[in-house]
Amino acid sequence: MVDSQYYLPNDIGVSALDCREAFSLLSPREQMYSHFLSRAAWYGGLAVLLQTSPESANIFVLLQKIFRKQPAAELEPVAMAAGLTSEEYQAFLVYAAGLYANMGNYKSFGDTKFIPNLPKDKLKALVFASQSFKEQPGEMEALWDSCSSALFSLEGKQKQLGLGSKGITTYFSGNCGLEDAELAQKFLDFQKLSAYNTRLFKTEKGGKMSYEVRLASAVKSDCAIDGEGETRCGSFSFEDQEFTVKRGDYAQIMERVCHYLEEAQAHAASENQTKMLEGYRRSFTFGSIDAHKEGSRFWIKDKGPTVESYIGFIESYRDPFGSRGEFEGFVAVVNKAMSERFAKLVSSAEVLLPELPWPRDFEKDTFLKPDFTSLDVLTFTGSGVPAGINIPNYDDIRQSEGFKNVSLGNVLAVAYATQKEKLTFLEEDDKDAYIKWMLPSFEMQVGLHELLGHGSGKLFVQDDQGKFNFDQNTLINPVTGEKVTSWYRGNETWDSRFSTIASSYEECRAECVGLFLCLNKLALSIFGHEGQDAEDVVYINWLYMVRAGLLGLEFYTPESSSWRQAHMQASFVILRVLLEAGEGLVHLEEVAGADGRPDARIALDRTKIHTVGKSAIQRFLCKLQVLKATADVAGGRALYDGYSAVTDSGPHDFLRLRDTVLLRKEDRKMLVQANTRVQGEAVELVEYEGSAAGLIHSFTERFQEDAEQLEADLLELSKRDSPCWCH
C-alpha cells in the first residue's frame, strides 16, 4: 500500500480560473498584447519540467502524445477495454492533470513526488492500447521505457526534492552536494554573476573537479554576439577549481519565449512596456540577468497598466540551496475596484511603517511607493499559482528603486474557498466565522504581507568602494544594545548569505508583519472593516495562521529533518512562537476524532490577541528584522532553525501530530486556465471545464501550432542532460 501522500486522490478539487469578464473589458490591442505575453509565458513555463526532475519532460511528452490523439472521453472506452476500472482511469486522469498543474511529477507546494494511483501494468496496457501508440509504436515504446520506472519509483531520495542525499534536484548534477553549491555561490559572487538563471554541473577529469555554470539562453554560442556587448562566458580558475560559464540551457524554449515577446512588443501600450519587453528579450536571448534587471526597472516604472505581467527566473523556493530561480510568467487584468483599497494601503504606508517594531534606522531611507493592484489572472505559468506577489526579487532594485505588489483576486476566490466539512482541527464554534471571514481576512493579510512585509526593512551594505549605507559608528542593535558589527559586503545579497533558510525566513517576517499590522485600526478601515467585524477579521486572521502552522507539519520530512515548503515552515515557526507566549493564548491538544482515529484541536483566545499575542509577535519580528538587516547569518540560523525544529519532546509531540495531519490532509486544488487564440483580427478566449479532463484538454490545445517539434525539442533537452543525474 503506497502512502497516500504520494498520490493525488480521485476526488481532488479542480476549479476553472474565471477571467472572462476581465478579458472582455480589454481593448482589441490589449487583448492581442495579453495573447502574445501568454504565449511567451506558457512556452517559458515548460522549462520548469527540466528544472524539476530528470523524468518530468518525458512524462509530459508521453501524456501530450496520448491526449492529443484521443481526448479523455474518447480514451475512456480504450482504458476499459485494456482492463482498467473506472476508478483507475480517473486516477490516471488525475495524475496527468497533476503533472500539468505542477509542471512536473513533484508537488509545487511541498516538493513531494506523486505517482499514479493505479498498477504499473494497467497504465502500460493503456499506453500500448492508445491511438498514439498504434500510429508510432517504436517511438511510444521507447518513450514509455525512458520514464516508466522513474514514474512509479519511490525509492529513497526520490520521494522529495533536495540536494545530495536529501532528494532529487535538476538545478545541480547528481554528484553535487552542499559544499559544491557553497563553492559555486562564492564563485558567482566573485564574478558578479547572479545564480537566478543558472544550473550547476560537476564533472571529474583525471581526479580533478571541474564545474559548468550553465546560463538559460536562446543563444548557444559562448562567444560575444552582435548586440550583446561583452559576454560573461569563459573558463576561470577559482580556489584551485576549474569553472566554465556556458550558455544555451533550455535554448529551444528560450527561443520561443523571445519570439512571442517580440510579437507582444508590437502591441505594447507605452514606451516603458516596450523597453521592459526588450530587456526581458535580451535576457532570455543572451542569458543575462543584468538585462532582466533593466527590463524590471522599466516594469516598475510602468505604473497602473491595464494589463500587468512579469516573466523570468523568479522565485528560488525550489532550488535546495535557495539561489536559483524557477521560471514563471503571468499575465493579468487589473481589477479596478479592489485595487482602490490597495492604493489606499500604499498611500497609508508611511503612517503604518513606523508602527513596525524596529528603530527608524532599520527601515529603508525612503519608502518607494509601489504599484499595488488586485489582478484577475489570465495566465500564470510555472509550477503553481500564488495568491499574491511582491517583485522583483533583486535586492539592489528593491532597496533603491522600488517594487510592485499584486494580489491575485480570482485565484483567492477559487483556491482558498472552503467547505465546513473540510475544516479540520478547529472547534465547531469557530467554523462558521472561519468560513465567513476567511477570504476578507486573507485578502487583508496578503495586502499587508506583500506591501509592508516584503516591502519593509533596510539591509545594511558596504559597497565595493567601501561606502556604507548606514553610520557604522553610531548604529545600535536594538536586541543587544550594542553597536552593529556585521553587514552585507559588495555583491552579497540576502539570498546568497542566508541561502537555504532565506525564502522561508523572509516569508515568516512578512507573515508576522501582516499579523502585527492587522491589529491596527487604520489598516482595518482601509479594507472596510470597523467595529465587531474588524475584531472578527483579526480573530480569523490569527486563527488561520495558527491552524496553518499545524497543517504545515505535512510539509516536514522527519527522515532528513527538513522542510519542503517555505510558507508552511514559516506558519509552523509562528505557531511555536505563539505557543511559547503561554498565558492560554493558543491551545493545542490531541483528541480522538468522531471516526475513532487520532485528531487534534487548535483554539485561540481572542481576548489575548491584542496583549499576549501582539507582544510575542512584536519581539520576534524585531529579532527577525535585525538579524536580516545586519547579515547575521549565524544568529538568524540559530533563531529560525530553533523554532523550525519538529520534535516529540516538550509540551507537544509534533512528530505524532504530523501523523495526524497526514491522516486528515486535503490536497490543494488544481486550477484550470483558459487559452487565447487569434481569429483574424480578434483574440478569442477559450475556456475549459473545472475537471481533470478539462485541465488536460487545456494543455493539449495550448501548444498545437508546433506540437511535434516542441515535443522533439523537450526530449532532446531532457536526453542531453540525462547522464548528469546519475552518480
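The rules behind these values
- Residues numbered from 1 in each chain as written.
- Predicted model: local features only at pLDDT ≥ 70, side-chain atom pairs only at ≥ 80, totals over all residues.
- Heavy atoms only, no water.
- Helix = DSSP H or I, 4+ residues; strand = E, 2+ residues; numbered from the N terminus.
- Rg over C-alpha atoms; globule rule 2.2 N^0.38 Å.
- Buried < 20%, exposed > 50% of the residue type's maximum accessible area, 1.4 Å probe, protein only.
- Contact = heavy atoms within 4.5 Å.
- Lys, Arg positive; Asp, Glu negative; His and termini not counted.
- Charge placed at Lys NZ, Arg CZ, Asp CG, Glu CD.
- Polar contact = N/O pair within 3.5 Å; in protein donor to acceptor, adjacent residues only side chain to side chain.
- 1 Å grid on protein atoms, 1.4 Å probe; cavity = no way out; pocket = protein on both sides within 12 Å on 5 of 7 lines; lining within 4 Å.
- Points joined across faces, edges and corners; volume = space filled by probe spheres on them.
- Salt bridge = Lys/Arg side-chain N within 4 Å of Asp/Glu carboxyl O.
- UniProt positions renumbered as here; feature names shortened; annotations may be inferred.
- Core = buried A, V, L, I, M, F, W, Y, C linked by side-chain atoms within 4.5 Å.
- Pairing = 2+ DSSP bridges.
- Axes fitted to C-alpha atoms, helices over the stretch in contact; angles between N-to-C directions.

(A) Layout of the overall build of the protein. In terms of helices and strands, the protein carries 27 helices and 19 strands. Taken over C-alpha atoms, the radius of gyration comes to 25 Å for the protein, in line with the 27 Å a tight globule of 727 residues would show. Along the three orthogonal principal directions, the C-alpha set of the protein runs to about 70 × 65 × 60 Å. Residue burial in the protein is summarised as follows: out of 727 residues, 60% are buried. When contacts within the protein are restricted to residue pairs at least 6 apart in sequence, those whose partners lie at least 24 apart make up 75%. Taken as two groups, the 77 positive and 104 negative side-chain charges of the protein have centres that lie 2 Å from each other.

(B) The side chain of Asp-249, seen in detail. You can see Asp-249 is positioned in strand E5 (residues 241–249). According to the relative accessible area criterion, Asp-249 is buried, its value standing at 1%. Polar side-chain contacts of Asp-249 include one of 2.7 Å to the side chain of Arg-199. Residue contacts for Asp-249: discarding those within four places in its chain leaves Arg-199, Arg-214, Leu-215, Ala-216, Ser-217, Met-254, Arg-720 and Asp-721.

(C) Layout of empty space enclosed by the protein. Tallying each qualifying case throughout the model produces seven cavities of 30 Å³ or more. Taken as a whole, the largest cavity holds about 60 Å³ of empty space. Every residue along the wall of the largest cavity is listed here: Leu-50, Ser-53, Pro-54, Thr-170, Arg-199, Leu-717, Ser-718, Asp-721 and Trp-725. At three residues, the largest contribution of residues to the lining of the largest cavity is made by helix H27 (residues 707–721).

(D) Expanded view of the pattern of salt bridges. On inspection of all chains with the given rule, the structure shows 52 salt bridges. The closest approach of N and O atoms between Arg-214 and Asp-249, which form a salt bridge, is 3.2 Å. Here Arg-214 is found in strand E3 (residues 208–216), whereas its partner Asp-249 is found in strand E5, with 35 residues between them in sequence. Each of the two residues, Arg-214 as well as Asp-249, counts as buried. Residue Arg-656 is joined to Glu-590 by a salt bridge in which the shortest nitrogen-to-oxygen separation is 2.9 Å. Placement of the pair is Arg-656 in helix H25 (residues 654–663) and Glu-590 in strand E15 (residues 586–592), with a sequence separation of 66 residues. Residue Arg-656 is classed as partly exposed on the basis of its relative accessible area of 46%. Within the structure, one salt-bridge network assembled from shared partners comprises Arg-199, Glu-212, Arg-214, Asp-249, Arg-720 and Asp-721.

(E) Structural context of the UniProt feature "active site" (unreviewed entry) in the protein. Taken from the UniProt record, the annotation "active site" (unreviewed entry) applies to Glu-450. Mapped onto the elements, Glu-450 comes out in helix H18 (residues 428–453). Relative accessible area serves as the criterion here: at 7%, Glu-450 is assigned to the buried category. For Glu-450, the contacting residues outside a window of four places in its chain are Phe-372, Gly-388, Ile-389, Asn-390, Asn-405 and Gly-455.

(F) Region of the structure containing the nonpolar core. If you look at the biggest cluster of nonpolar residues, it comprises 116 residues, and the most contacted ones within it are Leu-46, Phe-60, Phe-67, Ile-253 and Phe-284. Counting residues per element, this core draws most heavily on helix H6 (residues 86–102), which supplies nine residues. The residues contacting Phe-67, other than those within four sequence positions of it, are Ala-72, Leu-75, Phe-92, Leu-93, Ala-96, Tyr-100, Ile-696 and Thr-700.

(G) Region of interest: the pairing of E3. Two strands pair when backbone bridges link them, and strand E2 (residues 198–205) and E3 are joined in this way by eight bridges, in the antiparallel orientation. In the sheet register, Lys-202 faces E3, and the bridge partner there is Tyr-211. The hairpin turn running from E2 into E3, its antiparallel successor, is two residues long, and Gly-206 in that turn takes a positive phi close to 55°.

(H) Broad picture of the sheet that holds E5. Across the sheet, four strands lie side by side as E2-E3-E5-E4; this open sheet has mixed pairing. Only two strands of the sheet have a single partner each, and these edge strands are E2 and strand E4 (234–238). In this sheet, neighbouring strand axes are inclined to one another by 25° on average, regardless of whether the strands run parallel or antiparallel. Each of E2, E3, E4 and E5 is contacted by helix H10 (residues 178–191), which is oriented at about 115° to E4, the strand it contacts most.

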